[in-house]
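Each chain, letter by letter, is given below.
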Amino acid sequence: QVQLVESGGGLVQTGGSLRLSCAASGSIFSSNVMGWYRQAPGKERELVASIRGTSRTNYADSVKGRFTISRDTKNTLYLQMNSLKPEDTAVYYCNVQNCYGVNYWGEGTLVTVSS
């Protein structure tokens, strides 16, 4: 079983920064893809960034150059968010997919960017 616990969300002004963390426990291997998704009010959940291992990363076009995803050897996942915009306001979810294609989700952390 896999458990994911996010932290680090909050209220920040436009142009500010936040760092999200996701503590993962259970059967997670470096080959498993981990990622951050977000869901804004009235919108579908979307991929923000993903990482395989510690260096193979993928970003949504809307966050390229502003957000950085990383992962340490204990499978703690991070999302450094800089130059935040009001449109980044959403609940951010941590995700990991195991080798059987099963997805696990955290409960989410709210990020609010004020204009």
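Higher on the page you've got the structure.
Residues numbered from 1 in each chain as written. Predicted model: local features only at pLDDT ≥ 70, side-chain atom pairs only at ≥ 80, totals over all residues. Heavy atoms only, no water.

(A) Here's a closer look at the state of the cysteines. All told, the structure shown has 1 disulfide when counted by the stated rule. Covalently, Cys 22 is tied to Cys 94 through a disulfide, its sulfur atoms 2.1 Å apart. Sign of the S-S torsion, about -80° for the bond between Cys 22 and Cys 94, identifies this disulfide as left-handed. With Cys 22 in strand E3 (residues 18–25) and Cys 94 in strand E9 (residues 90–97), the pair connects residues that are 72 residues apart, well separated along the chain. Look at Cys 94 and you get buried, because its relative accessible area is 0%. (Disulfide = S-S within 2.5 Å. Helix = DSSP H or I, 4+ residues; strand = E, 2+ residues; numbered from the N terminus. Buried < 20%, exposed > 50% of the residue type's maximum accessible area, 1.4 Å probe, protein only.)

(B) Just the environment of Ser 62, in detail. Structurally, Ser 62 is set in the loop between strand E6 (56–59) and strand E7 (67–71). Ser 62 sits 26 residues away from Asp 88 along the chain, and the two C-alpha atoms are 9.1 Å apart.

(C) Seen up close, the side chain of Asn 75. Within the element layout of this structure, Asn 75 appears in the loop between E7 and strand E8 (77–81). There is a polar contact of 3.2 Å between the side chain of Asn 75 and the backbone oxygen of Ile 28. Within polar-contact distance, the side chain of Asn 75 engages the side chain of Arg 71 at 3.2 Å. Apart from residues no more than four positions distant in its own chain, Asn 75 is found in contact with Cys 22, Ala 24, Ile 28, Phe 29 and Met 34. (Polar contact = N/O pair within 3.5 Å; in protein donor to acceptor, adjacent residues only side chain to side chain. Contact = heavy atoms within 4.5 Å.)

(D) Expanded view of the sheet that holds E7. One open sheet holds the 4 strands; their spatial order is E1-E3-E8-E7, and the pairing between them is antiparallel. Looking at the sheet topology across the chains shown, the edges are occupied by strand E1 (3–7) and E7. Looking at each pair of strands side by side, their axes are set apart by 15° on average, direction ignored. (Pairing = 2+ DSSP bridges. Axes fitted to C-alpha atoms, helices over the stretch in contact; angles between N-to-C directions.)

(E) Main features of the nonpolar core. Counting 30 residues, the largest nonpolar core has Leu 4, Met 34, Trp 36, Leu 79, Met 81 and Tyr 92 as its most contacted members. Those elements giving two or more residues to this core turn out to be E3, strand E4 (33–39), strand E5 (46–52), E7, E8, E9 and strand E11 (109–114). Ignoring any residue separated from it by four or fewer positions in sequence, one finds Leu 4 in contact with Cys 22, Ala 23, Ala 24, Ile 28, Met 34, Cys 94, Asn 95, Val 96, Tyr 104, Trp 105, Gly 106 and Glu 107. (Core = buried A, V, L, I, M, F, W, Y, C linked by side-chain atoms within 4.5 Å.)

The values reported here are purely geometric and, on their own, carry no functional implication.
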